[in-house]
Amino acid sequence: MSEMRIRKRPKYLDFYSIMFSIKLPLPGKLSILHRVSGVGIFLLLAPLLWLFQASVTSPESFAWFARIAAHPCMKLLFAGIIWAFLHHFCAGIRFLFLDLGVGVDLAAARRSAVIVFVVSLALTALICWRVLL
Amino acid sequence: MNNRIVVGAHYGLKDWLAQRATAAVMSFYSVFIVAILLVLKPADFEIWRSIFANGPVKFFTFLFALSLFYHAWIGIRDLWMDYVKPVSVRLTLHVLTILLLAGYSGWIAAILWRL
Ligand code: HEM
C-alpha cells in the first residue's frame, strides 16, 4: 500500500490546478506566476527584438512600429508583457531577498507576497495608463 | 558507476549565482532606463533613437541584453530539466535554446551598433 503511494511521487499538477483548484497559499501562486512570466517573456523575445529594431532604425520603420503598436490587440499584448515583466521583476527581487535570508519566516514571506502582487499590479496599471492609453 | 546525466544539473553554485547576478544587472538597468525615459519623455523618433545611439546607454543596453539572454538560458534550462525527462530530447532542447539565445545576442548587437 505505502509502496504504491510512494510510486506516485512526484506528483505533477497542471497550471489551472496550481492556481485555482488546490488551495495553494499566495507565495506559491507568486512562484508559479514567476515561472510563467519568465517563460512568456522568453517566448516573446524575437517579436520584441523585431519591434525594438523597427522603432530605432529609421523614420519609416518607426512609423510602421507606431502604427502596429497603436492596434488594440497589440496594446493588449503589451499590457500582458508589461505585467509579466513587472511581476517577474518584483517577485524576482523578493526571491533575491529570500536568498539573502531576509523575510524567510512564514508571516513575513506571506506579507511580502501580498506586497509583490499589489506593487506589480499597481505599476502595471500605472504604466498601461500612461503609455498605452 | 557514474550516474551523472550530461544534461542534468551542474551540481554547483555557478549557475544559481549567475542567475542572481544577471537579475541584479537587469534590475539596475531597468531603473536606469526608466529614469532616462521619465526625464527625456521621448515623443518622436529622433529623441527615441538618440537615447539608444548614445554611447554609454548603448553599452549598458547591450549588457542588459546579454544578462537577459544568459539569465533566460539558465531559467529555460531549469524548465527543460523539470519537465523533459528523456536525455536525447532534453539535449536537443538545450542546444536549440543556446543557439536561439546566441542568435539574439548577435541580433541586438547589430541593432545597437547600426545606430
Ligand atoms: C529585472 C529583471 C529580472 C529579475 C530581477 C529576475 C529574477 C529572477 C530570479 C531571482 C530567478 C530565480 C528564481 C528561482 O530560482 O526560484 C529568475 C528565474 C527566471 N527568470 Fe528572471 N528575472 C528578471 C528578468 C527576466 C527576464 C526578462 C526573463 C525573460 C526571458 C526571465 C526569465 C526567467 C526564467 C525563465 C526563470 C526560471 C523560472 C523558474 O525556474 O521557475 N527573467 N528570475
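Everything discussed here concerns the structure shown above.
Residues numbered from 1 in each chain as written. Chains lettered and ligands numbered in written order. Predicted model: local features only at pLDDT ≥ 70, side-chain atom pairs only at ≥ 80, totals over all residues. Heavy atoms only, no water.

### A word on the coordination of the iron atom of the ligand
Inference 1: For the iron atom of the ligand, the full set of protein donor atoms is A:His88 (NE2) and B:His71 (NE2), and the range of their distances to it is 1.9 to 2.0 Å.
Inference 2: Coordination at the iron atom of the ligand is octahedral: its six donor atoms span angles of 85 to 179° at the metal. You can see A:His88 sitting in helix 6 (residues 72-99) and its partner B:His71 sitting in helix 3 (residues 55-83), one on each of two chains.
Inference 3: Residue classification places B:His71 among the buried positions, given a relative accessible area of 15%. (Donors = N, O, S within 2.8 Å, 3.2 Å for Na, K, Ca; no water. Tetrahedral: all angles 85-135°; square planar, octahedral: opposite > 155°, others 65-115°. Helix = DSSP H or I, 4+ residues; strand = E, 2+ residues; numbered from the N terminus. Buried < 20%, exposed > 50% of the residue type's maximum accessible area, 1.4 Å probe, protein only.)

### Concerning the side chain of A:Ser120
Residues and elements named next belong to chain A.
Inference 1: Mapped onto the elements, Ser120 comes out in helix 7 (residues 106-132).
Inference 2: The exposure class assigned to Ser120 is buried, which follows from its relative accessible area of 0%.
Inference 3: Of the polar contacts made by the side chain of Ser120, one reaches the backbone oxygen of Phe117; its length is 3.4 Å.
Inference 4: Each residue touching Ser120, except ones within four places of it in the same chain, is listed here: Leu86, His87 and Cys90. (Polar contact = N/O pair within 3.5 Å; in protein donor to acceptor, adjacent residues only side chain to side chain. Contact = heavy atoms within 4.5 Å.)

### Some points on the site of the ligand
Inference 1: A:Arg35, A:His88, A:Phe89, B:Arg20 and B:His71 are the nearest of the 19 residues found near the ligand.
Inference 2: Near the ligand, residues from chains A and B are present, making the site a shared one.
Inference 3: Take A:His88: an N or O atom from its side chain is 2.7 Å from a nitrogen atom of the ligand.
Inference 4: At 2.7 Å, a side-chain N or O of B:His71 approaches a nitrogen atom of the ligand.
Inference 5: Where the shell around the ligand is concerned, the elements lending two or more residues are helix 3 (26-43) and helix 6 of chain A together with helix 1 (14-40) and helix 3 of chain B. (Near = heavy atom within 4 Å.)

### Some words on the pattern of salt bridges
A side chain of one charge can pair with a side chain of the opposite charge when the charged atoms of the two come close.
Inference 1: Enumeration according to the criterion identifies four salt bridges over all chains in this entry.
Inference 2: The partner of A:Asp99 in a salt bridge is B:Arg20, with the nearest N and O atoms 2.5 Å apart. Within this pair, whereas A:Asp99 is found in helix 6, its partner B:Arg20 is found in helix 1, the two belonging to separate chains.
Inference 3: With its nearest N and O atoms 2.5 Å apart, the salt bridge here joins B:Asp15 to B:Arg77. Here B:Asp15, found in helix 1, pairs with B:Arg77, found in helix 3; they are 62 residues apart in sequence, far enough to count as distant. (Salt bridge = Lys/Arg side-chain N within 4 Å of Asp/Glu carboxyl O.)

### Here we look at the interface of chain B and chain A
Inference 1: Each side of the interface is counted separately: chain B has 30 residues, and chain A has 22 residues.
Inference 2: Across the chain B/chain A interface, buried area totals approximately 2,300 Å², and carbon plus sulfur atoms make up 74% of it.
Inference 3: Summed over the shared surface of chain B and chain A, the number is two salt bridges.
Inference 4: At the boundary of chain B and chain A, one finds seven residue pairs in polar contact (both at pLDDT 80 or more).
Inference 5: Among the elements of the structure, helix 1, helix 2 (45-53), helix 3 and helix 4 (87-113) of chain B are those that each provide at least two residues to the side of chain B that touches chain A.
Inference 6: Per-element tally for the side of chain B that touches chain A: the top contributor is helix 3 of chain B, with nine residues. (Buried area = accessible area lost by both parts, 1.4 Å probe.)

### Description of the side chain of B:Ser67
All names here are of chain B.
Inference 1: Relative to the helices and strands, Ser67 is located in helix 3.
Inference 2: On the basis of relative accessibility, which here comes to 10%, the residue Ser67 falls in the buried class.
Inference 3: Ignoring any residue separated from it by four or fewer positions in sequence, one finds Ser67 in contact with Thr22, Val25 and Met26.

### Details of the packing of aromatic side chains
Residue and element names in this part refer to chain A.
Inference 1: This model, assessed by the stated rule, comprises 14 aromatic pairs over all chains.
Inference 2: Ring centres of Tyr16 and Phe20 lie 5.1 Å apart, and the angle between their planes is 45°; this geometry places the pair in the tilted category. Of this pair, Tyr16 and Phe20 are both found in helix 2 (residues 15-21), four residues apart, which corresponds to roughly one turn of the helix. (Phe/Tyr/Trp six-rings, centres within 6.5 Å; stacked < 30°, edge-to-face > 60°.)

### Considering unusual backbone geometry
The bulk of non-glycine residues show a negative phi, and the bulk of peptide bonds are trans.
Inference 1: We note that B:Lys41 has phi near 40°; this positive angle belongs to a residue other than glycine.
Inference 2: Its place among the elements puts B:Lys41 in the loop between helix 1 and helix 2.

### Describing the environment of B:Ile5
Inference 1: Locating B:Ile5 in the fold gives a position in the segment before helix 1.
Inference 2: Spatially, the C-alpha atom of B:Ile5 lies 7.7 Å from that of B:Val87, the residues being 82 residues apart in sequence.

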